[in-house]
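Summary of the model geometry
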Amino acid sequence: MKRLQSWVESANSAETHFPLNNMPCGVFSVGADDDPRCGVAIGDFVLDLALLEDRGLLDVASETVFDLPYWNAFMEEGPEAWEALRARLTDLLIEGGDDALRGDASLRAEALVPLADASLHMPFIVAEYTDFYAGRHHAFNVGTMFRGAENALPPNWLHIPIGYNGRASSVVASGTPIHRPLGQLRPPGSDSPHFGPSRRLDFELEMGAVVGGGSELGQPLTVSEAESMIFGYVLLNDWSARDIQAWEYQPLGPFQGKAFGTTIGPWIVMRAALEPFRCEGPARDVPLLPYLQEKRPGLYDISLEVTLQPDGADTATTITRTNYREMYYSAAQQLAHHASSGCPMTPGDLLGSGTISGPEKENRGSLLELSWGGKEPLSLETGETRAFLEDGDWLTLTGWAQGADFRIGFGTCTGQILPAVTEPDWSK
Ligand code: CA
């Protein structure tokens, strides 16, 4: 697969996240009074699809779908429309293609908005959010800390992509600050719990699968059907309060330790853009039941990195480097499992992959693992150390699939930790 040559010069560099091969989907506005609308990133620009649709250059849907502050309406048009959009945009942007945009200087100037001038918003309305626990290295590391290496993986883990139903209401756009959560805590060595700010605030490096199609109540999905419903992928940070989580999680799993915030990246990379990077998952220790078996490899080779930057520091430290191919279960398997009981899926559903840790210490996708439960704090390039996140810290995820001379990038997914809010007067 080679880079497609665009007449948008900045889309042709080897480093850009947004060559013509990518065209990820976002929602943008320019200035405070501008209505957010759909666009795709191309080089250093976002292309205004609402404008192209209005001018009759983008006839790929049954109704007006791009002059909206979310991609859900277009996603619901289905896979043929998804393919038609990519084909049409490629024709408009490729060197030597349809001249309707390139040949119209005033339209070109209006439709190509410099990314530096654009504000990016939530790319879609999250219908429901489910988070999985499908990274083997992460599950093994966390299990080892909690139960010892002998019992690290729960007995179901090699058979089921374990998950829990999270909250869509607290999924926020990249750049949204996150307050340190309040919660019920029972510190080690203490007999009774108290209520207060989390002291063990963490991130989880994940990919989010964006579901573009739906399924009926009572109707399971095959893995192949599930895969065809996935519109694309976003960067996802599943913020986690480890102390709240450790006290509350038995036996029903995460609740308030996860519910206070999940940040997603601004760009949905469509599944078609990732096709050249499809790769096999890890070997199976035990065969999966037929309903979870894949007909073709379901993971992607996507390099992922996380940086941590204390407030006011001029240096961000890269604290982990890993890859999405480390997952044990693909998003298609997770979606098939999710529907297996007859639970209906909805366009706009978001599936968190689970924390993506690799085999080595430097590949771990959470501070819980990187600092081994807080016992081995990390050294930052500023000279500070971190066991868990401090107030003011900026945490940034990035990722890209590396081609021969191009990258399919996801941009960045960032958030800053603010101090806990003042507690209400509980006596009132
Ligand atoms: Ca998670």
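Shown above is the structure to which this text applies.
Calculation rules
Here the residue index of a chain counts from 1 through its sequence in written order. Note on the predicted model: pLDDT of at least 70 is required for a residue's local features to be given, and 80 or more for side-chain atom pairs to be given and counted; whole-chain, interface and lining totals, by contrast, use all residues. Working from all heavy atoms in the structure, the side-chain values ignore hydrogens and water. A run of H or I in DSSP counts as a helix once it spans at least four residues, and a run of E counts as a strand once it spans at least two, with each numbered from the N terminus. Every radius of gyration here is taken over C-alpha atoms, with the globule rule written as 2.2 Å times N^0.38, N being the number of residues. Burial status follows relative accessibility: with a 1.4 Å probe on protein chains alone, a residue under 20% of its type maximum counts as buried, one over 50% as exposed, and anything between as partly exposed. In what follows, a contact means two residues having at least one pair of non-hydrogen atoms within 4.5 Å. Residues enter a nonpolar core if they are buried and are Ala, Val, Leu, Ile, Met, Phe, Trp, Tyr or Cys, with the set joined through side-chain atoms within 4.5 Å. What makes two strands pair is DSSP finding at least two bridges between them. Any nitrogen, oxygen or sulfur atom within 2.8 Å of a metal ion counts as a donor, with the limit raised to 3.2 Å for Na, K and Ca, and since water is left out, coordination shells can look unfinished. The span one expects for a helix is its residue count, reduced by one, times 1.5 Å. The term salt bridge refers to a pairing of a side-chain nitrogen on Lys or Arg with a carboxyl oxygen on Asp or Glu at a separation within 4 Å. Identification of polar contacts relies on pairs of N or O atoms within 3.5 Å, with a donor-acceptor requirement for protein atoms, meaning one able to donate a hydrogen and the other able to accept it, and with residues adjacent in sequence counted only if both atoms are side-chain atoms. Only rings of Phe, Tyr and Trp enter the pairing, Trp through its six-membered ring, and a pair is recorded when the two centres are within 6.5 Å. The plane angle decides the type: under 30 degrees is stacked, over 60 is edge-to-face, the rest tilted.

Looking only at helices and strands, the chain features eleven helices and 26 strands. Taking 2.2 N^0.38 as the reference for a compact globule, 428 residues should give roughly 22 Å; the C-alpha atoms of the chain span a radius of gyration of 22 Å, in line with that estimate. Buried positions account for 53% of the 428 residues belonging to the chain. Restricting to contacts in the chain with at least 6 residues of sequence separation, those with at least 24 account for 71%.

This part covers the nonpolar core. Y233, I319 and Y324 are the most contacted members of the largest nonpolar core, which totals 63 residues. Excluding anything up to four places from it in sequence, Y233 contacts M207, G208, A209, W267, I268, V269, L274, Y300, Y324, A331 and F410.

This brings us to the sheet that holds strand β3 (residues 45–48). A sheet is described by the order of its strands in space; here five strands give the open sequence β4-β3-β2-β1-β5, paired in antiparallel fashion. Two strands lie at the open edges of the sheet, namely β4 (112–114) and β5 (119–120), each paired on one side alone. Direction of pairing for strand β1 (residues 25–29) relative to β5: antiparallel, over a ladder of two bridges. Residue pairing in the sheet places F28 in a bridge with L120 of β5.

Each donor-metal-donor angle would ideally measure 109.5 degrees in four-coordinate tetrahedral geometry, or 90 or 180 degrees in six-coordinate octahedral geometry. Bound to the calcium ion are the protein donor atoms D131 (OD), E204 (OE), E206 (OE) and D238 (OD), situated 2.2 to 2.3 Å from the metal. The sequence motif formed by the donor residues of the calcium ion is D-x72-E-x1-E-x31-D. Note that D131 is positioned in strand β6 (residues 129–132) and E204 in the loop between β12 (201–202) and β13 (205–211), a separation of 73 residues in sequence. The class for E204 is buried, based on a relative accessible area of 4%.

Below, the discussion takes up helix α3 (residues 79–93). For α3, with 15 residues, the first-to-last C-alpha span of 21 Å sits near the 21 Å given by 1.5 Å per residue. Those residues of α3 not exposed but buried are A81, W82, L85, R86, R88, L89, L92 and L93.

Under the criterion given, the structure shown has 22 salt bridges. Between D91 and R88 there is a salt bridge whose closest N-O contact spans 3.7 Å. On the criterion of helical spacing, the pair formed by D91 and R88 is a turn pair, its members being three residues apart in helix α3. The class for D91 is partly exposed, based on a relative accessible area of 33%. Between E275 and R278 there is a salt bridge, and its shortest N-O distance comes to 2.8 Å. One connected set of salt bridges, linked through shared partners, spans D202, E204, D238, R242 and K258.

This next bit is on the side chain of Q416. Topologically, Q416 is positioned in strand β26 (residues 407–418). For Q416, a relative accessible area of 13% puts it in the buried group. Within polar-contact distance, the side chain of Q416 engages the backbone oxygen of G392 at 3.0 Å. Apart from residues no more than four positions distant in its own chain, Q416 is found in contact with T176, P177, I178, D311, G392, D393 and W394.

The next subject is unusual backbone geometry. Between Q250 and P251 the backbone carries a cis peptide bond, its omega angle lying at 5°. Within the chain, M23 stands out as a residue other than glycine whose phi angle is a positive 50°. Exposure remark for M23: the relative accessible area of 2% places this residue in the buried category.

It is worth spelling out the packing of aromatic side chains at this point. Applying the stated rule across the entire model yields 15 aromatic pairs. Judged by centre distance (6.2 Å) and plane angle (80°), the rings of F146 and Y249 are edge-to-face. Of this pair, F146 sits in helix α5 (residues 136–147) while Y249 is found in the loop between α7 (242–248) and α8 (256–259), placing the two residues 103 residues apart along the sequence. Here Y249 falls in the partly exposed class, since its relative accessible area comes to 25%.

So, on to the side chain of S6. Note that S6 resides in the segment before β1. Taking relative accessible area as the criterion, S6 reaches 0% and is therefore assigned buried. Setting aside anything within four residues of it in sequence, one finds S6 in contact with A11, N12, L20, I42, L93, I94 and E95.

What follows is about the environment of Y300. Position of Y300 relative to the elements: it lies in strand β19 (residues 299–300). Taking relative accessible area as the criterion, Y300 reaches 1% and is therefore assigned buried. In sequence terms Y300 and R271 are 29 residues apart; their C-alpha atoms lie 9.9 Å from each other. Excluding anything up to four places from it in sequence, Y300 contacts E227, Y233, R271, L274, E275, F277, R278, C279, N323, Y324 and R325.

The next thing to look at is helix α10 (residues 331–339). Of all nine residues in α10, nine are buried, a share of seventy percent or more. Those residues of α10 not exposed but buried are A331, A332, Q333, Q334, L335, A336, H337, H338 and A339. The inward-facing, buried residues of α10 abut β6, β7 (163–165), β13, α6 (223–229), β14 (230–237) and β22 (350–352).

With that settled, the discussion passes to the sheet that holds strand β25 (residues 394–402). Strand order in the open sheet made by the five strands is β9-β26-β25-β20-β21, with mixed pairing throughout. In this open sheet, the two edge strands, each paired with only one partner strand, are β9 (178–179) and β21 (317–323). Relative to β26, β9 runs parallel, the two sharing two bridges. The residue bridging I178 from the neighbouring strand is I417, located in β26.

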